[in-house]
Amino acid sequence: MTAGTAGATGKRIVVGVDGSGHSQDALRWGAHLAAIYGAQLDAVTAWEYPASYGWASVPQDWNPGKDMEDVLKEAVRKVFGANPPAGLQLHVGEGSAAKVLIEEAADATMLIVGSRGHGGFAGLLLGSVSANVAEHAECPVLIIHGDQAPPAMP
């Protein structure tokens, strides 16, 4: 999957998606705000080989990029069903989630992430990825807390 281009308005909203409920909420908000601003909506996920994996323990047919592409597509399906927003772009990047999101959002109008994703510790208010992108992204960052859905469009 390749990086997207801005929509007709030149605006782009990037949403970090890891399949967690928080990232699905972020995707809902991203679609809502993209519709309001007439922006391109890009759903982005990332993968990297775990540092603890030795090459001998990785199955030869394992394709983590494809696995994350499947996670991304499933999250989009869960959020939008058979009706994803027009022009929705899906991107899978190799590297840490924060690094990939910051790079993808370099020219974005906004970056949206959930407050915690997979691997978060219960009780934490802010995950390491959301804290990292909030500190280092070059665009505004919206961090979605809780599970409040965006308001209905008029």
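In case you missed it, the structure is sitting above this.
Everything quoted here is computed from the prediction, not taken from an experiment.

**Focus: the overall build of the protein chain**
Of regular secondary structure, the protein chain possesses 4 helices and 5 strands. The order of helices and strands in the protein chain, counted from the N terminus, is β-α-β-α-β-α-β-α-β. By the burial criterion, 42% of the 154 residues in the protein chain qualify as buried. At a minimum sequence separation of 6, the contacts of the protein chain that also span at least 24 residues come to 75%. Carbon and sulfur atoms provide 54% of the accessible area of the protein chain, an area that totals close to 8,500 Å².

**With respect to the pairing of strand β4 (residues 110-114)**
β4 sits mainly inside the fold: 5 of its 5 residues count as buried. Here β4 shows two buried faces, one formed by M110, I112 and G114 and the other by L111 and V113. Pairing geometry for strand β1 (residues 12-16) and β4, over 3 bridges, is parallel. The partner of V14 across the bridge, within β4, is L111. When β4 meets strand β5 (residues 141-144), the two strands line up parallel, connected through 4 bridges. Looking at β5, one finds that G114 is bridged to I144.

**Focus: the side chain of T45**
Structurally, the position occupied by T45 is in strand β2 (residues 40-47). Non-local contacts of T45, meaning those with residues more than four positions away in its chain, are made with V17, D18, M68, L72, H91, V92, G93 and V100.

**A look at the side chain of Q24**
Along the polypeptide, Q24 turns up in helix α1 (residues 21-37). Judged by its relative accessible area of 10%, Q24 falls in the buried class. Once residues lying within four places of it in the same chain are set aside, the contact partners of Q24 are G19, A75, K78 and V79.

**Thoughts on the environment of L27**
With respect to the secondary-structure elements, L27 resides in helix α1. Excluding residues within four positions of it along the chain, L27 makes contact with V15, V17, A43, A75, V76, V79 and F80.

**Looking at the packing of helix α3 (residues 97-104) against helix α4 (residues 128-136)**
Between α3 and α4, the shortest axis-to-axis distance is 9 Å and the interhelical angle comes to 35°. Of the two elements, α3 crosses α4, and the hand of that crossing is right-handed. Of the residues in α4, those in contact with A97, A98, L101 and I102 of α3 are V129, N132, V133 and H136.

**A look at the pattern of salt bridges**
Under the criterion given, the structure shown has 8 salt bridges. Among the salt bridges present, the one from K73 reaches E69, with a minimum N-O distance of 3.0 Å. One end of the pair is K73 and the other is E69, both in helix α2 (residues 64-80) and 4 residues apart, which spans about a single turn. Exposure remark for K73: the relative accessible area of 42% places this residue in the partly exposed category. Note that E74 and R77 form a salt bridge whose closest N and O atoms lie 2.5 Å from each other. With a gap of 3 residues between them, E74 and R77 both fall in helix α2, about one helical turn apart. Overall, the relative accessible area of 32% leaves E74 in the partly exposed class. One continuous salt-bridge network, built from bridges that share partners, spans R12, D42, E104 and D107.

Here is what the cut-offs are and how they apply
Residues numbered from 1 in each chain as written. Predicted model: local features only at pLDDT ≥ 70, side-chain atom pairs only at ≥ 80, totals over all residues. Heavy atoms only, no water. Helix = DSSP H or I, 4+ residues; strand = E, 2+ residues; numbered from the N terminus. Buried < 20%, exposed > 50% of the residue type's maximum accessible area, 1.4 Å probe, protein only. Contact = heavy atoms within 4.5 Å. Areas by Shrake-Rupley, 256 points an atom, 1.4 Å probe, with all protein chains shown as cover. Pairing = 2+ DSSP bridges. Axes fitted to C-alpha atoms, helices over the stretch in contact; angles between N-to-C directions. Left-handed = near helix turned anticlockwise from the far one by under 90°. Salt bridge = Lys/Arg side-chain N within 4 Å of Asp/Glu carboxyl O.

By themselves, these are just geometric observations and shouldn't be taken as functional.
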